[in-house]
Amino acid sequence: MKNRRKRPGVKLTREQKKKLEELTRQAKADGRHPNSAQKTIPYLSMYKDGLCRVTENYYTMSLLFDDMNYDLEDEAEQLGIFGGWCSFYSYFDCAVHVQMTGINSENDPEAFARALAVLERNEAYRALCAEYVQLLQTQYMRSNNGQTRIKLMTFGIESESVKGARSRLTRIGLDMQGNFKKIGVESVLMDGKERLSLLHALFHMDDHAPFVFEWSWLPETGLSTKDFIAPGSFDFSPSRSFKIGETYCAASYIQIQTSSLSKKLLGELLRLPSSAVFSLHVQPMDQMTAIKLIKQKQVVLDATKISEQQKAFRSGYDIDIIPRDIDAYGDDTKRLLQTLGTNEKLYMATIVVMNMAGSKRQLDQAVAQTRGILQTRSCALIPLDFQQEKGLTACLPLGINPLKIERCMPTSAVAGFIPFSTQELCRLDGKPVYYGVNRVSGCVIMADRTVNRNPNGLIFGTSGSGKSVSGKQELSASDTPVVPVKPSAPVGSGASGTKEPAVLPFTDVAKQDWFYGDVAYVYENSLMNGVSKTTFAPGQKTTRAMIVTILWRLEGSPAAKEASGFHDVPASMYYADAVAWAAENDIV
């Protein structure tokens, strides 16, 4: 018998060992319902690459995507984004089930305190740090940073084998990433551990327990992935609510009472001040089936219209006096039938909401807040009586919809649930610096730029906007050099100082031009030399080569160790040395 090579094990901490022993003991315990919590989690197995086997022949993957500054764009740009979002949904065929999930969860209150504790340890600027920490605490309490918002797409297909499902779902995921990029949104396919971590967070909102898991532990302990994410218990005994551990939850579905939806509805729901999960399940219909369905609806509407006309005639009224809804529905049906097959599809959609809170009273308040937002958008929040477990299943990002509550919607209506609002920047890792408040979401903007690939930064602002305060924050929070660069005169009045700018050799820059002083400054300091001896070209667009050259000259034109290696940067060009220096310092 051949000896098997022993694989190096993962060294566990004492706390992790105790957790594993507890999980093993619970999984192997005798009793009538030892694994009830695990059995409630509706999937069979999770693979390392993110493929999830939900049922015997149904598999799913998940794609995590970022937000974008949709609310800050003008109307024309928003219309273009909406068109791209419609095209995103039109990509899917009738064999693919799609679930868009938005998760709004409460942050760990200790995370912000730990970030502030790092700042307070700066001995060199003790007084400044104390004032800075107090400022952050005040702004954080006023802001909406108590919530973390996660958005993802889960997509699934039927397949006879794991290999076939993995191949097709991976291809669909890559296509979805490309479609996201077309509208300016970054996305990434989630691996198995990331999906498990997300499920663990949903099941442990009451204690914010850390997710401790390694794939190598499964064969060693005999546990399944569910044992590492399952909560202490599920309680579905109430008819309109349930409990996950100590967290109170209520699942409901959204009933749409209008033909068109506000594009800001989902964004408003995701800004609720409480934990919640919003899921939109979409199943594309076969095109021929969709056309047949619309024609059947049209026949029913025509028959209803004739019946109403007959009633009006028998009652002595004008036959043209019929309920307005019938005419409106008839016009919508005809319009949909005309567009179907060109740029519209039909989908069977289900919209589910799961509110979560720490107590029954807080849960009732969260449900009331959600219902209030929906009522202003001509929608109703209907509780799922005696279907709370199915509601939980529909809300989990696993691509399952056991609810038989569906509404037929065209592409434009499905795409009306736009998940984009504004990009957030609040990273508490490292030594974060406070930069202000996002005026759209009301969230604090904080980050440590030194953890980025390019840690360089500039502070722009008008007079009195707080440039000096921001600079002091950088000094107190960062160990890297901070170089204040401040012109001695306002921009536009001669940035080189209070002295009269020298006469420039450029024929296209006159003294009465508003930019004359700025051109004089960059020329006298050898930052920009113009496009020729007598031409500056102030109206020409600034290229990447120009910007890199300016930065290089600001650094004193240091020599690079080697060429940049870019094929489109010949050694003879004026910016070749600058590009080589920028590439060497990870600027480009």
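Residues numbered from 1 in each chain as written. Predicted model: local features only at pLDDT ≥ 70, side-chain atom pairs only at ≥ 80, totals over all residues. Heavy atoms only, no water.

Chemist: Would you mind going over the pattern of salt bridges with me for this structure?
Modeler: Opposite charge on two side chains makes pairing possible when the charged atoms of those side chains draw close. The tally for this structure, following the rule as stated, stands at nine salt bridges. One salt bridge connects E56 with R53, and the closest N-O pair in it is separated by 3.3 Å. You can call E56 exposed: its relative accessible area is 52%. Residue R53 is classed as partly exposed on the basis of its relative accessible area, which comes to 21%. Among the salt bridges present, the one from K360 reaches D364, with a minimum N-O distance of 3.0 Å. (Salt bridge = Lys/Arg side-chain N within 4 Å of Asp/Glu carboxyl O. Buried < 20%, exposed > 50% of the residue type's maximum accessible area, 1.4 Å probe, protein only.)

Chemist: Quick question: what am I supposed to make of a nonpolar patch on the surface here?
Modeler: Among the surface-exposed residues, I547, L551 and L554 lie close enough to one another that they form a single nonpolar patch of about 270 Å² accessible area. Secondary-structure assignment places L554 in helix 18 (residues 544-554). (Patch = residues over 30% accessible without salt bridge, like charges linked within 9 Å, V, L, I, M, F, W, Y side chains within 5 Å. Areas by Shrake-Rupley, 256 points an atom, 1.4 Å probe, with all protein chains shown as cover. Helix = DSSP H or I, 4+ residues; strand = E, 2+ residues; numbered from the N terminus.)

Chemist: It is not clear to me how the nonpolar core should be interpreted in this structure. Could you clarify?
Modeler: Grouped burial of nonpolar side chains is what soluble globular proteins tend to show. Residues W85, Y89, M153, F180, L280 and F420 are the most contacted members of the largest nonpolar core, which totals 57 residues. In terms of residue count, helix 3 (residues 75-90) provides more of this core than any other element does, six residues in total. Those residues in contact with F420 that sit more than four places away from it in its chain are F65, D66, D67, M68, Y70, D71, I81, W85, K151, F180, I183 and V185. Counting 43 residues, the second-largest nonpolar core is a separate cluster that includes L202, A230, L396 and L398. (Core = buried A, V, L, I, M, F, W, Y, C linked by side-chain atoms within 4.5 Å. Contact = heavy atoms within 4.5 Å.)

Chemist: Sorry, what's going on with the packing of aromatic side chains here?
Modeler: Geometrically, a pair of aromatic rings is defined through the distance of the ring centres and the angle of the planes. Taken as a whole, this structure holds 22 aromatic pairs when the rule is applied. Plain terms: the ring middles of F213 and W215 are 5.0 Å apart, the flat faces sit at 80 degrees to each other, and that makes the pair edge-to-face. Just as F213 is buried, W215 falls in that class too. The interplanar angle of 70 degrees and the centroid separation of 5.1 Å between the aromatic rings of F213 and F228 together place this pair among those described as edge-to-face. Of this pair, F213 sits in the loop between helix 7 (192-203) and helix 8 (217-221) while F228 sits in helix 9 (residues 225-229), and the two are 15 residues apart along the sequence. For the pair F213 and F228, one class covers both residues: buried. Counting every residue linked through ring pairs, the aromatic cluster contains F65, W85, F88, Y89, Y91, F92, F180, Y347 and F420. Over the ring of Y47 we find R166, and its NZ or CZ is 5.6 Å from the ring centre. (Phe/Tyr/Trp six-rings, centres within 6.5 Å; stacked < 30°, edge-to-face > 60°. Lys NZ or Arg CZ within 6 Å of the ring centre and 35° of its normal.)

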